[in-house]
Amino acid sequence: MRTLKIVMSLSLAGMSVPLFAGHAEDHWPEPIKSYRTGQVLFDRLEVTRTDNDEDLIVWDMLAWYGGDRNRIYFKSEGENRSDDGEPAELESAELLASRLIAPFWEIQGGLGTRGSIASGAERENYLVFSLFGMAPYRFEMDNSLTVNEDGDIAVNIEAEYDIRLSQLSYLQPRLEMGAALTDAEEYDRPSGFNNVRMGLRYRYELSRELAPYIGVYWSRALGDKADRVRDQGGDESEIGVVVGVRMWF
Amino acid sequence: MEKPIAEGRRRFIKSAIGTASALALAKIAPAWAYPMGRSYGEVIKADNPVDLHIRRENLNIGGKIGRPITINGNMPGPLIRLKEGQRARLNVTNALDEDTSIHWHGIILPENMDGVPGVSFPGIKPGETFHYEYDVQQSGTYWYHSHSGLQEQLGHLGPLVIDPGDGDIGADREHVIILSDWTFEDPYEVFRNLTVAEGYYNYQQRTLGDTLADIRSQGLAKTWEERSMWNRMRMSARDLLDVTGSTYTYLMNGRDNATNWTALYKPGEKIRLRIINGSAMSFFDFRIPGLEMTVVSADGQPVKPVTVDEFRIGVAETYDVIVTPKGDRPYTLFAESLDRSGYVRGTLSTELGQEAIVPELRPVPERGMAAMGMSHEMSGMDMESSGRDKSGMDGHHDMPEGQGAKMAMASQRPSAPDLGVEHAPGGHGPGAAMIARQPVSRLNEPGVGLEEATHRVLVYGDLIGAHPWPDEREPVRDIELHLTGNMEKYMWSFDGLKFTEVDGPVEFHYGERLRLIMVNDTMMDHPIHLHGMWMELENGQYPRPRKHTISLKPSEVVSLQISADAPGSWAFHCHLLYHMKAGMFRVVNVS
């Protein structure tokens, strides 16, 4: 991890895109070079125990590379249910181009895929547009709109807020909501609000880069989606505890 | 009081320890920083020509091995002592494996000798020697440093003192004090941390506990009003310095607190202290508890004497002060970082191995509404609210001037001209997270954390040039530049555009007298440095003080008169190293 960090730091030193010569002689170096860097951030990498005694491994990560206005992002979320013998389930894997449009907001667009990571599995591919950044009062937000190959439109909202308990520890409420604008029968997304998930976690920074956490969450299917879950004999709401780590390099 | 025997014994032990550590230190402190001062005849008088060798090598820094850039084996580099009227000849040899340079900070010289790669020359390649040569037309306290990459952070810097033509320093003895900030981290890693993780080095943020304490002391409504303003703007009132004592070891002449750099004096002497802030990112508040200081020079240029108990020194600024120690006792030379995350101390004493009480760090200050440019109507003294613990503002209570006297003094100070400042309708784009809606002159404010000090703190409004400057024409043209930033993305710029995004230099017409108006649209203090020409600060005084580096407080507007008398291209930038690296840099072209 440290090696990677150094490699990234060095790439800062080496990057140079000559745009403007502020000097008389063309063969002189630029006094200030433009720079690019990147980061890989696992916001959530956790083990979950649900109230149905299921164990899951969940990840929620992003990686970016670029300057301060234009960046490339890769984002992925997913989970793997242990003991079910099935491969992990991708909630999303997206590759996006990002542009800073306001001091705290990036607009992003790209392609994504959802479904089982098993080879040969039928996955849902989609276009994605995101508004990514920090809202007033310091809410970290990632709002995205996706359109799949059948034209189904879905919206996903994620918001996190850090309450600083000390210089190293935080309490973080988290809210995630999914809605569909069109009926997507094939992918089990009836139109309307589909689900809501609220979490609260306490994390402690061993360093800025490495912060283990514990937390709880509550999630619930909504509207037609909830009816469907009930019809299939499932539980429309779920409570779980998580143990994980937030880390970046 | 102490018993005589105990005292004698303690003094013996102390001096034994002190001498031992002083000897151990001799190896790590630069040769010129020997404590005897100038009148002991130990001054390293620069030979002519001067040979400087730039290397990267292991060195003991505060008891730990670091790998700084050394100049002639020292970090900081040697004290270069020139004389007004001489021709300076300096040969700089690069023994690094990358390009380097030396910029002579504050020196008036030809464009091609200024030492900024890409602006004044191509830089010095590994293995090459560059020959600097220029006529020395000024005197005073200056410094020199690399203008390549982030080499300054590795200690590529040193003091430069120019004796006046008549050799009179106005004191019996002098000491040079160069302050710097050292980190054992790679500077590029520091820069990346700032870029990818806002607040990486800030371990003094507000917590839930602070908010609860505020609610208890001032009620929910007022707390909400204050906090919501900051939170709505997504900014922190404790965003004071980007890089802090959490990674920095602050150094005085290359020594840390434990190794205690010591300056000697003889009772009754007048001593000139030449204080240089050679750090990469740190503003310092400098004081000598129990001793008043008479400021006689700012940025190397003489000012009418003004007596203070403390002054804030921005990065790259210099101040000369005259002190007259009373009796035969040690004094602490105390430089506290603006954000109170650390300090460096040295000692002024009559013999080696002595030390005086070291003050405690003062509470972490918070920026007030004035920082946002939102409190035009507020009176001068409470512009920024200060530390949480208002009672414990000061470590020493024997300061002569009371609050009332201070208020009176402040109101007597002339004020800077009223400038109408207008922002572009759309702001400055994503590179600027805020604009100061009502920027004001803050030249008579001591700055964040010092507002409620009951002793005398220097403000820019106190500075009066010692004599008029040769060009007394009225400016014929105004140039306005805004200091802009986006802390979240670590973008720093002028007018919202980084150096790599602007399409040309700032044009000065050769021979003209112009007024440079700067507006700080950020929440940080910035020391802005113009190469090649003096900036006369319009602080309402006459003669105006002359500066090479001017520090702007958040939401402050300042105006400076400049004679565009130096043809060529000159660097103009924020002297916070990582702000410059991020793009807060322009080229000024005089033609």
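Residues numbered from 1 in each chain as written. Chains lettered and ligands numbered in written order. Predicted model: local features only at pLDDT ≥ 70, side-chain atom pairs only at ≥ 80, totals over all residues.

A.B. asks: Which residues make up the overall build of chain A, and what are the values?
C.D. replies: Looking only at helices and strands, chain A has two helices and 13 strands in total. Within chain A, the fraction of its 249 residues that count as buried is 24%. Contacts in chain A between residues at least 24 apart in sequence constitute 42% of all its contacts with a sequence separation of at least 6. (Helix = DSSP H or I, 4+ residues; strand = E, 2+ residues; numbered from the N terminus. Buried ≥ 20, exposed ≤ 12 C-beta atoms within 10 Å, placed from the backbone. Contact = placed C-beta atoms within 7 Å.)

A.B. asks: Lay out the interface of chain A and chain B in plain terms, naming residues and giving numbers.
C.D. replies: Counting residues at the interface gives 39 residues for chain A and 42 residues for chain B. Listing elements by their share of the side of chain A that touches chain B, those giving two or more residues are helix 1 (2-14), strand 1 (37-50), strand 4 (89-102) and strand 9 (163-164) of chain A. Take the side of chain A that touches chain B: its biggest share by element is seven residues, from helix 1 of chain A. Of the residues in the side of chain A that touches chain B, the class split is 22 nonpolar, nine polar and eight charged. (Nonpolar A, V, L, I, M, F, W, Y, C, P; charged D, E, K, R; others polar.)

A.B. asks: Quick rundown of the sheet that holds strand 27 (residues 535-537) of chain B? Include the residues and the values.
C.D. replies: All names here are of chain B. Spatially, six strands are ordered 23-22-25-30-27-28 in an open sheet, and the strand pairing comes out mixed. Two strands in the sheet have a free side with no partner beyond their single neighbour: strand 23 (491-494) and strand 28 (546-547). In the sheet, strand 22 (residues 477-486) pairs with strand 23 via four bridges, with the strands oriented antiparallel. Considered in strand 23, the bridge of Leu483 is made with Phe494. (Pairing = 2+ DSSP bridges.)

A.B. asks: An account of the pairing of strand 20 (residues 331-337) of chain B is requested, with residue identities and associated values reported.
C.D. replies: Residue and element names in this part refer to chain B. Of all the seven residues making up strand 20, seven are buried; the element is thus mostly covered by neighbouring parts of the structure. Both faces of strand 20 are covered, namely the face carrying Tyr331, Leu333, Ala335 and Ser337 and the face carrying Thr332, Phe334 and Glu336. As paired strands, strand 15 (residues 284-287) and strand 20 are joined by four bridges and run antiparallel to one another. Bridge pairing links Phe284 to Ser337 in strand 20. In this structure, the hairpin formed by strand 20 and strand 21 (residues 343-349) is closed by a connection of five residues, where Arg340 is found at a positive phi of approximately 60°.

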